[in-house]
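# Examination of the molecular architecture
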Amino acid sequence: MSEGGQVALLNETKINVGDFDMNIPRHILSPDETCYYCGLSLSSLSRLRQEHDFPQAIRLGKRRIGFIKSDIDEWLSQQRIELPVDTTPKVKVKSPQTFQDLEKIHRRNIKKLFNSQ
């Protein structure tokens, strides 16, 4: 690598300037990187931005925006939900494969309805 060259690493950019090595953390993600990081499609990201339900983008140029990674991390932690733990045993149900199977189930349910009254 030549002096003053730049090597892109996964989470940081390493810049060599003469005898100095500076590691600059990468804090700004492009929209594509943001989608990959959050597991969203670009259209979902655009929809969330229009609904004002996503961190504010910063303008990097006339036609370029970016997202601050720490804002995205905070937003992701707020999106986390706890799913209720269902301890009831699962009952296997066989789906009717034919119209005749569906008719049998229907007749059986009607009989149960009239027998319970």
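Just so it is clear, the structure is predicted and the values come from calculations on it, not from any experiment. (Residues numbered from 1 in each chain as written. Predicted model: local features only at pLDDT ≥ 70, side-chain atom pairs only at ≥ 80, totals over all residues. Heavy atoms only, no water.)

Moving on, we get to helix H2 (residues 42-50). What H2 keeps buried is the set Ser44, Leu45 and Leu48. Summarising the axial view, the buried residues of H2 lie within an arc of 100 degrees, below the 170-degree limit, and thus occupy one face. Looking at H2, the residues exposed on the side facing more than 90 degrees away from the buried face are Ser43 and Gln50. Immediately beyond the C-terminal end of H2, within one or two residues, lies His52, with a positive phi of roughly 55 degrees. (Buried < 20%, exposed > 50% of the residue type's maximum accessible area, 1.4 Å probe, protein only. Helix = DSSP H or I, 4+ residues; strand = E, 2+ residues; numbered from the N terminus. Arc of directions from axis to C-beta.)

This part covers the confidence of the model for the protein chain. The predicted model of the protein chain averages 79 in pLDDT, with 77% of residues at 70 or higher. Ranking the elements of the protein chain by mean pLDDT puts strand S1 (residues 6-8) last, at 39, and H2 first, at 95. (pLDDT = per-residue confidence, 0-100.)

Here Arg59 is to be found in strand S5 (residues 58-59). With residues up to four places along the chain from it excluded, the contact list for Arg59 reads Arg64 and Ile65. For Arg59, the side chain forms a polar contact with the main-chain oxygen of Lys62, separated by 3.1 Å. (Contact = heavy atoms within 4.5 Å. Polar contact = N/O pair within 3.5 Å; in protein donor to acceptor, adjacent residues only side chain to side chain.)

Within the largest apolar cluster, ten residues are counted, these being Leu29, Cys35, Cys38, Leu45, Leu48, Phe54, Ala57, Phe67, Ile72 and Trp75. Residue assignment for this core shows that the elements contributing at least two residues are helix H1 (31-38), H2 and helix H3 (69-79). Filtering out sequence-adjacent residues up to four positions away, Cys35 remains in contact with Leu40, Ser41, Leu42 and Leu45. (Core = buried A, V, L, I, M, F, W, Y, C linked by side-chain atoms within 4.5 Å.)

The next thing to look at is the sheet that holds S5. Backbone-to-backbone hydrogen bonds join strands into a sheet, with any given pair of strands oriented parallel or antiparallel. Taken in spatial order, the three strands of this open sheet run S4-S6-S5, and their pairing is antiparallel. Looking at the sheet topology across the chains shown, the edges are occupied by strand S4 (28-29) and S5. Here S5 runs beside strand S6 (residues 65-68); their pairing, made up of two bridges, is antiparallel. By the bridge assignment, Ile58 is partnered in S6 with Gly66. (Pairing = 2+ DSSP bridges.)

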